[in-house]
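Residues per chain are reported as follows:
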Amino acid sequence: MSGVIRRTLSRAMAKRIGTHDGKFHADEALACAILRMTSEFADAAVVRTRDAAVLSHMDAVVDVGGVYDPHAHRYDHHQPTFHGTYDAAHRTLLSSAGLVFKHFAPTILREKFDLTDDTAQRTVLRKLYDDFVEPFDGVDNGVPRVPADVSPAYAAPFSLCAYVAALNPAWNDPAPDADASFMRAVAILGDAFRLVLERAVRSW
């Protein structure tokens, strides 16, 4: 089989992840990054749209569509009936990042690190969620990090969520390319998640 044919077949078989267009946020960028770390969605194309007809043909949809159905790979959290948290010990509502992490992080641990022991998995996943993913859920859902009556001594450090927000094209950008900026955010958050994941598995 020629290289051209192999590349053509690969493109034809590639899966697609749908998310909303317009201004993007860190939670759907991280959700896409985590999905693309799995063998099922490795290097999947990302389609940014709110067109329901287009989204219906996506292999997975995050942060748009008004449906949470993991069996259909639909991971939205905006519907009024959604009240999901990571587990009974957590109160922060999940964003699309938390939803995708909850359903796919165990698969990543098995595929990337051959980590199949249930106790070890639970330990690593809990640390990853507490230290890395929950802040994305909290920021996206408007959960204050500190009580409203407490005055911080200084501004919060420039976070990954703020970094992603800053990647959105400016209102006066003469040639905005939101899709390219979003994929840059996906790459940055993917690298960060991979780093903390590897440290948690190998060093913690």
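Up top you'll find the structure we're talking about.
Calculation criteria
The residue numbers shown here count from 1 along each chain, following its written sequence. The predicted origin of the model limits local features to residues at a pLDDT of at least 70 and limits the giving and counting of side-chain atom pairs to 80 or more, whereas totals for whole chains, interfaces and linings rest on all residues. With hydrogens and water excluded, all non-hydrogen atoms of the structure serve as input to the side-chain values. Strands are runs of DSSP state E lasting at least two residues, helices are runs of H or I lasting at least four, and both sets are numbered from the N terminus onward. Only heavy atoms enter the contact rule, under which two residues are in contact if any of them lie within 4.5 Å. Any N or O atom pair separated by 3.5 Å or less is treated as a polar contact, with the protein-specific requirement of one donor-capable and one acceptor-capable atom, and with residues adjacent in sequence counted only for side-chain atom pairs. Salt bridges are defined as contacts in which a side-chain nitrogen from Lys or Arg sits within 4 Å of a carboxyl oxygen from Asp or Glu. Accessibility here uses a 1.4 Å probe with only protein chains present; expressed as a share of the type maximum, an area under 20% marks a residue as buried, one over 50% as exposed, and anything in between as partly exposed. Strand pairing requires that DSSP identify at least two bridges connecting the strands. Here is how to tell: hold the view so the strands point away, follow the path from the first strand over the helix to the second, and if it runs clockwise the crossover is right-handed. By definition, disulfides here are pairs of cysteine sulfur atoms that lie within 2.5 Å. Axes here mean lines fitted to C-alpha atoms, for a helix over just the part in contact, with angles spanning 0 to 180 degrees between N-to-C directions. Here roughly perpendicular refers to angles of 65 to 115 degrees, roughly parallel to angles under 35, roughly antiparallel to angles over 145, and oblique to all remaining angles. Here a crossing is called left-handed whenever its near helix is offset anticlockwise from the far helix by less than a right angle, and right-handed whenever the offset is clockwise. In this classification, Asp, Glu, Lys and Arg are treated as charged, Ala, Val, Leu, Ile, Met, Phe, Trp, Tyr, Cys and Pro as nonpolar, and every other residue, Gly included, as polar.

Q: Residue-level account of the environment of Arg 50, with values.
A: By the element assignment, Arg 50 lies in the loop between strand E2 (45-48) and helix H3 (52-55). A sequence separation of 32 residues divides Arg 50 from Gly 18, and the C-alpha atoms of the two residues are 8.8 Å apart. Those residues in contact with Arg 50 that sit more than four places away from it in its chain are His 20, Asp 21, Leu 55 and Val 64. Only 3.4 Å separates the side chain of Arg 50 from the side chain of His 20, close enough to count as a polar contact.

Q: Before we move on, could you go through the pattern of salt bridges and cite the residues and values that matter?
A: The final tally for this structure, using the stated rule, is 6 salt bridges. Asp 130 is the salt-bridge partner of Arg 126, the closest N and O atoms lying 3.0 Å from each other. With Arg 126 and Asp 130 both in helix H5 (residues 118-140) and 4 residues apart, this pair spans about one turn of that helix. The exposure class assigned to Arg 126 is partly exposed, which follows from its relative accessible area of 37%. Since its relative accessible area comes to 29%, Asp 130 is described here as partly exposed.

Q: I'd like a description of the pairing of E2, backed by residues and values.
A: Every second residue of E2 is oriented toward a common face, the buried set being Val 46 and Arg 48 and the non-buried set Ala 45 and Val 47. Summarising the sheet, strand E1 (residues 16-19) and E2 pair through 4 bridges and their orientation is parallel. By the bridge assignment for E2, Thr 19 is matched with Arg 48. Of the crossover connections in this fold, the one passing from E1 over helix H2 (residues 26-35) to the parallel E2 is right-handed.

Q: Tell me about the state of the cysteines, and name the residues and values.
A: According to the stated counting rule, one finds 0 disulfides in the structure shown. Looking at the unpaired Cys 32, the closest cysteine sulfur is the one in Cys 161, lying at 15 Å. What makes Cys 161 buried here is its relative accessible area of 15%.

Q: Any details on the packing of helix H6 (residues 160-167) against helix H7 (residues 178-202)? Residues and values, ideally.
A: The contact between H6 and H7 brings their axes to 9 Å, and the two run at 160°. Looking at the two axes, H6 sits roughly antiparallel to H7. In terms of crossing hand, the pair formed by H6 and H7 is right-handed. Side by side, H6 and H7 meet where Leu 160, Tyr 163, Val 164 and Leu 167 of the first sit next to Ser 181, Arg 184, Ala 185, Ile 188, Leu 189 and Ala 192 of the second. Considered class by class, the residues forming the contact of H6 with H7 number 8 nonpolar, 1 polar and 1 charged.

Just distances and angles here, no functional claims.
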